Amino acid sequence: MIRKGTLSDISKLIELTKACAENMIAKNIFQWNEFYPNKKAFEKDVERNELYVLEIDQTMIGCIAISTLIGEEYIPVKWLTHNKNNIYIHRLAVHPGFQGKGYAQQLMTFAENFARENHFASVRLDTFSQNKRNQIFYEKRGYKKLGNIFFPNQSEHPFHCYELVL
């Protein structure tokens, strides 16, 4: 079940994303660290009504933020659609114990359906350039790689921007 996230979910989400970060680091993917994702990011997601969590048998196993706000780092990217009617995916995560079972696909399908039902032009996101698995995941869903952005607090490596035109 996918439902809206609340402030009371944040401590579990921090545990979940820490487990994801540790799992990625063990695979030499330094995408998330002690700076990100963080409590403040999840609090903003809840304030803006953009956070969703995936639960199986009342256990939180995943999350996704579906935002309509374009971050400053995205403005220079040469997107396929105009910068006025898009959604942005952030903090897609599935607990390592539940990965490989289609839950990330389920969360992305939820986000893409949300975008279609609300008449958005596209879905945009970024993923770490060193995380090849994520790149394949998005490309198989029809996302086009468009350019790079940087998050210096996370990595010296770029993050690739992707867009799915609806």
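Notes on the structure follow.

Conventions we followed
- Residues numbered from 1 in each chain as written.
- Predicted model: local features only at pLDDT ≥ 70, side-chain atom pairs only at ≥ 80, totals over all residues.
- Heavy atoms only, no water.
- Disulfide = S-S within 2.5 Å.
- Buried < 20%, exposed > 50% of the residue type's maximum accessible area, 1.4 Å probe, protein only.
- Helix = DSSP H or I, 4+ residues; strand = E, 2+ residues; numbered from the N terminus.
- Polar contact = N/O pair within 3.5 Å; in protein donor to acceptor, adjacent residues only side chain to side chain.
- Contact = heavy atoms within 4.5 Å.
- Axes fitted to C-alpha atoms, helices over the stretch in contact; angles between N-to-C directions.
- Parallel < 35°, antiparallel > 145°, perpendicular 65-115°, else oblique.
- Left-handed = near helix turned anticlockwise from the far one by under 90°.
- Nonpolar A, V, L, I, M, F, W, Y, C, P; charged D, E, K, R; others polar.
- Salt bridge = Lys/Arg side-chain N within 4 Å of Asp/Glu carboxyl O.

### Observations regarding the state of the cysteines
If you walk through the whole model with that rule in mind, you get zero disulfides. Here Cys 63 is not cross-linked by a disulfide; its sulfur's nearest cysteine counterpart is in Cys 20, at 7.4 Å. Lacking any disulfide linkage, Cys 161 is separated from the closest cysteine sulfur, that of Cys 63, by 20 Å. Under the relative-accessibility criterion, Cys 161 is labelled buried at 0%.

### Structural notes on the side chain of Ser 67
Mapped onto the secondary structure, Ser 67 falls in strand S3 (residues 59-67). Residue classification places Ser 67 among the buried residues on the basis of a relative accessible area of 2%. Here the side chain of Ser 67 touches Glu 50 through a polar contact of 3.2 Å, side chain to side chain. Excluding residues that lie within four positions of it along the chain, Ser 67 makes contacts with Glu 50, Asn 86, Ile 87, Tyr 88 and His 90.

### Comments concerning the packing of helix H1 (residues 10-26) against helix H2 (residues 39-47)
A pair of packed helices can be characterised by two numbers: the angle between their axes and the separation between those axes. For the pair H1 and H2, the least separation of the axes is 10 Å and the interaxial angle reads 130 degrees. In terms of axis orientation, H1 runs oblique to H2. Where H1 crosses over H2, the handedness of that crossing is right-handed. The segment H1 lies against H2, with Ile 10, Leu 13, Ile 14 and Thr 17 engaging Lys 39, Phe 42, Glu 43 and Val 46. Looking at the contact of H1 with H2 residue by residue, the class counts come to five nonpolar, one polar and two charged.

### Brief notes about the pattern of salt bridges
With the rule as written, the count across this model stands at seven salt bridges. One salt bridge connects Asp 9 with Arg 3, and the closest N-O pair in it is separated by 2.8 Å. Taking relative accessible area as the criterion, Asp 9 reaches 6% and is therefore assigned buried. Note that Glu 163 and Arg 124 form a salt bridge whose closest N and O atoms lie 3.0 Å from each other. Of the two residues, Glu 163 is situated in strand S7 (residues 159-165) and Arg 124 in strand S5 (residues 122-128); the sequence distance between them amounts to 39 residues. The exposure class assigned to Arg 124 is buried, which follows from its relative accessible area of 0%.

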